[in-house]
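# Fold and contact review
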Amino acid sequence: MTEPATRTRRSDATRAAILRAARERFAADGYDRATIRAIAADARIDPSMVMRYYGSKEGLFAAAAEFDLRLPDLAEVPPDRLGETLTRHFVRRWEADGTLVALLRAAATNPGAADRMRGIFAGQLATAVARSGADPATADRRAGLVASQILGLALTRYVVRLPPVVDLDPEELAAWVGPTIQRYLTQPLPPVPRVWPVTEEEPDGA
């Protein structure tokens, strides 16, 4: 085996060891308490190697994050309860997995974490919405609007911790937000108003 190929295999093995240790450490300690030094020790490498491959704790977290949103099969949900069901599911999912909130927090400042969050929602949520019976021509758009609502709710409740939103229990949140999600999923697209071009005209009598 050539020397470059050997270096590549060693590099791949090191990356795999770091990611394996990071996933275990983030799961055990949470994002805030997990440290690069502890992860490096678990992987039996120098902390500088972690920084070399991933740049920062946020970058490592984004690379290590593997989340299953565990979305319900929307094909089996009554059409008039889709919004309520999704909202309740997401609130429970956020509250049951602190690392998902940590990824959202990291995504606000780290491009890698933001890309991972986009991938999670684009892949899993878009698939679920497509199974809900939504028009295939608008399913991706509807999924994007659902994500905007769900991520905005998570940001205000778990990251910014806006008191009126924090104070609502999951059932109240489902009652408030569910109808909006329902509209995104099932209502026809609203007519788009025609915006006439604005031209500058001299005032009358000029």
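This report concerns the structure included in the present document.

The rules behind the values
- Here, residues in each chain are numbered from 1, in the same order as that chain's written sequence.
- It should be noted that, the model being predicted, local features are given only for residues of pLDDT at least 70 and side-chain atom pairs only at 80 or more, the latter also being counted only at that level, while totals for whole chains, interfaces and linings use all residues.
- To get the side-chain values, all heavy atoms of the structure are used, and hydrogens and water are removed first.
- Helix numbering and strand numbering both begin at the N terminus, where a helix is a DSSP run of H or I of at least 4 residues and a strand a DSSP run of E of at least 2.
- We take the radius of gyration over the C-alpha atoms and set the globule estimate at 2.2 Å times the residue count to the 0.38 power.
- Exposure is judged per residue with a 1.4 Å probe applied to protein chains only, and the accessible area is read against the type maximum: over 50% gives exposed, under 20% gives buried, and values in between give partly exposed.
- What makes two residues a contact is simply this: any of their non-hydrogen atoms within 4.5 Å.
- The Shrake-Rupley method, run with a 1.4 Å probe, gives the accessible areas here. Residue values count only the displayed protein chains as cover.
- Charge assignment: positive for Lys and Arg, negative for Asp and Glu; neither His nor the chain ends contribute.
- Where a charge lies is defined by one atom per residue type: Lys uses NZ, Arg uses CZ, Asp uses CG and Glu uses CD.
- Nonpolar side chains (Val, Leu, Ile, Met, Phe, Trp, Tyr) within 5 Å and like charges within 9 Å form the patches, drawn only from residues with over 30% relative accessible area and no salt bridge.
- Salt bridges are counted wherever a side-chain nitrogen of Lys or Arg sits within 4 Å of a carboxyl oxygen of Asp or Glu.
- Here, nonpolar core refers to any group of buried Ala, Val, Leu, Ile, Met, Phe, Trp, Tyr and Cys residues whose side-chain atoms link them within 4.5 Å.

## Topic: the overall build of the protein
- When helices and strands are counted, the protein shows ten helices and zero strands.
- Whereas a compact globule of 206 residues would reach a radius of gyration of roughly 17 Å, the protein reaches 22 Å, over 25% beyond that.
- Expressed along its principal axes, the backbone C-alpha trace of the protein runs to roughly 75 × 55 × 40 Å.
- By the burial criterion, 39% of the 206 residues in the protein qualify as buried.
- Contacts spanning at least 24 positions in sequence make up 66% of the contacts within the protein whose residues lie at least 6 apart.
- Roughly 12,500 Å² of accessible area belongs to the protein as shown, and the carbon and sulfur atoms make up 54% of that amount.
- Here the protein contributes 27 positively and 27 negatively charged side chains, and the mean placements of these two sets differ by 9 Å.

## Remarks on a nonpolar patch on the surface
- On the surface, Leu-155, Val-160 and Leu-162 cluster together into a nonpolar patch covering about 240 Å² of accessible area.
- As for its position among the elements, Leu-155 is in helix α8 (residues 139-159).

## A few points about the pattern of salt bridges
- Applying the stated criterion to the full structure yields nine salt bridges.
- Of the charged contacts, one joins Arg-81 and Glu-84 as a salt bridge, the two residues approaching to 3.3 Å between their closest N and O atoms.
- We classify Arg-81 as partly exposed; its relative accessible area is 38%.
- Measuring nitrogen to oxygen at the nearest pair gives 3.6 Å for the salt bridge that ties Arg-118 to Asp-115. A residue pair is termed a helical-turn pair when its members lie 3 or 4 positions apart in one helix, as Arg-118 and Asp-115 do in helix α7 (residues 111-131) at three residues.
- Looking at Asp-115, the relative accessible area reads 47%, which means it is partly exposed.
- Among the ionic contacts, a cluster of salt bridges with common partners joins Arg-81, Glu-84, Arg-88, Arg-92 and Glu-171.

## Notes on the nonpolar core
- One finds Leu-60, Leu-86, Phe-90, Trp-94, Phe-121 and Leu-125 to be the most contacted residues of the largest nonpolar core, which totals 62 residues.
- Of the residues forming this core, the biggest block, nine residues, is contributed by α7.
- If near-sequence neighbours (up to four positions away) are discounted, Leu-60 is found in contact with Ile-18, Leu-19, Ala-22, Phe-26, Ile-36, Ile-39, Val-50 and Tyr-54.

## Brief notes about the environment of Ala-34
- Here Ala-34 shows up in the loop between α1 (3-33) and α2 (36-43).
- Accessibility expressed as a relative area gives 1% for Ala-34, which makes it buried.
- Along the backbone, Ala-34 and Phe-61 are 27 residues apart, and their C-alpha atoms lie at a distance of 10.0 Å.
- When sequence neighbours within four positions are dropped, the list of residues in contact with Ala-34 reads Arg-25, Phe-26, Asp-29 and Lys-57.

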